[in-house]
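Here is what each chain is made of, one letter per residue.
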Amino acid sequence: MQQLTFLGKNSVAWQEVREPVLQSEQEAIVRPFAAARCDGDSFFLFHDYRKVMPLGVNLNYLDPKVLDVFGNPPLQPPFGVGHEAIGEVTEIGSAVKNVRRGDVVVVPWAISCGHCNPCRRQLPANCSRTDKKTLVSAYGFGAGMGDFGGMVSDKIRVPFADAMLVKIPEGVNPIHCASLSDNISDAYRSVGPQLDKFPEAPVLVFGGNAKSIGLYAAALAVAKGSTQVDYVDDNLERLTIAARVGANPIELRKKQKVSTLSGVLIKEGYPIVVDASGSVTKLAFGIQNLAPGGTATGVAFYVKKRNSLPLWEMYLRSATLHVGISHSRRDIPDVFPLIKSGKFKPEKITTMLADWSDAPEAYLELSTKLIIHRQPLNNSN
Ligand SMILES: [Zn+2]
Ligand SMILES: [Zn+2]
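About the cut-offs
- Counting restarts for each chain, with residues numbered from 1 along the sequence as it is written.
- Each chain gets a letter, beginning with A, and each ligand a number, beginning with 1, in the order they are written.
- A pLDDT threshold of at least 70 governs which residues receive local features in this predicted model, and a stricter bar of 80 or more applies before side-chain atom pairs are shown or counted, although totals over entire chains, interfaces and linings include all residues.
- Hydrogens and water are ignored here; the side-chain numbers use all heavy atoms of the structure.
- Runs of E in the DSSP output that reach at least two residues are strands. Runs of H or I that reach at least four are helices, and both are numbered from the N terminus.
- Burial classes follow relative accessibility: with a 1.4 Å probe on protein chains only, a residue under 20% of its type's maximum area counts as buried, one over 50% as exposed, and anything between as partly exposed.
- Any N or O atom pair separated by 3.5 Å or less is treated as a polar contact, with the protein-specific requirement of one donor-capable and one acceptor-capable atom, and with residues adjacent in sequence counted only for side-chain atom pairs.
- The contact criterion used throughout is that any non-hydrogen atoms of two residues lie within 4.5 Å.
- Because no water is among the atoms considered, metal sites can look incomplete, with donors defined as N, O and S atoms within 2.8 Å of the metal, or 3.2 Å for Na, K and Ca.
- Being paired, for any two strands, means DSSP has found at least two bridges between them.

**Student:** Kindly report on the side chain of threonine 5, identifying the contributing residues and their values.
**Tutor:** Mapped onto the elements of the fold, threonine 5 is located in strand β1 (residues 2-8). For threonine 5, a relative accessible area of 2% corresponds to the buried category. A distance of 2.8 Å separates a polar atom in the side chain of threonine 5 from the backbone oxygen of glutamine 3. What threonine 5 contacts, discounting residues up to four positions off in sequence, is Ser11, Val12, Ala13, Gln15, Pro78, Phe79 and Gly80.

This is the structure in structure tokens:
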């Protein structure tokens, strides 16, 4: 079968690989028909980290744990790319109860068993199932995360079908939801539970490296009823999208210091702050602009060994800082009602819709949110 394969910096291609088969009675095989490119894919698609990352670790600049996650040498090609997809179940093992052949499902980016302690504590991406050899197990990152293949494939194997797969409910168009596997649910965790705690609260979002997550967070915050979503970015396309989803776009030019924004932000502070920029300076500034009791969530990769955060100000504001990987399996079901009600329209954030066969070229475009799609086997899906 064909699998979109990362071959090295700026190079992806279809490669012929062996079809996955069920390896236990708990598994399922899924045929993806909509796949999205995660913001995290840009982390390696356009760079070669095999020498740079170990060097950064040796120089005490990068946290050595980056090699525990990405492998050593890190992100060694070739490997199947993509870890955001929606597809049809084509085969199930005899013990699978929650899905049937033909069901349309979201496949979460991370492998989770549903039974271990982290899974039971609603931390599925930290699953500690006994057979695993990696810190995080996921699709689309190669051997460092367990070699589960990429999701831009004719078929993918799901090791724990009942625990992992989430059926798409009636009334939800699957194409633009492919990022539920990771980026949409990652964005949701940064604003959803927080807006349940502080209804209608203003939200401050820094966009940037995690290009679509910042926009999804802004759109979800509007959908959840925030009265003011201030979205800061230096990218005009993303600022335009932010305005389109109902946020208040604030341009921060490339060299402009983030502290110069103090005059335009809410003086009383924001109960909810999201950093999708990946800049520790912006995250720190966001923390300094928290309202008492507020929560700042960092959704980007922060790989430097030493980071400076304003802990005294956090203390004074009784602030919470939340960083951590996306537990999409936990959060996907909470996003569906917002899509069904029409309050959250993920299609507004899609900047490129490409045919499945054009995936190699499309995957290397620098657009904010790429969706690749093809015809489902069952046309009524
Ligand atoms: Zn991702
Ligand atoms: Zn588990």
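There's plenty left to go through after this.
**Student:** Quick one: what's the story with the coordination of the zinc ion (ligand 1), residue by residue and with numbers?
**Tutor:** Here the zinc ion (ligand 1) is held by Cys38 (SG), His83 (NE2) and Asp182 (OD), and the distances to it run 1.8 to 2.1 Å. When the donors of the zinc ion (ligand 1) are listed by position in the chain, the intervening gaps give C-x44-H-x98-D. Separated by 144 residues along the polypeptide, cysteine 38 in the loop between β3 (28-36) and α1 (42-45) and aspartate 182 in the loop between β8 (166-167) and α6 (183-197) bring together distant segments of the chain. Assigned by exposure class, cysteine 38 and aspartate 182 land together as buried.

**Student:** Can you break down the sheet that holds β1 residue by residue, with the values?
**Tutor:** The antiparallel open sheet is built from three strands, whose spatial order is β2-β1-β4. Looking at strand neighbours, the two that pair on one side only are β2 (11-16) and β4 (79-80), the edges of this open sheet.

**Student:** I'd like a rundown of helix α9 (residues 280-288), residues and numbers included.
**Tutor:** In terms of burial, α9 is a largely internal element, seven of the nine residues being buried. Buried residues of α9: Val280, Lys282, Leu283, Ala284, Phe285, Gly286 and Ile287, and no others. Of the residues that open α9, the one with a side-chain oxygen 3.2 Å from the backbone nitrogen of threonine 281 is serine 279.

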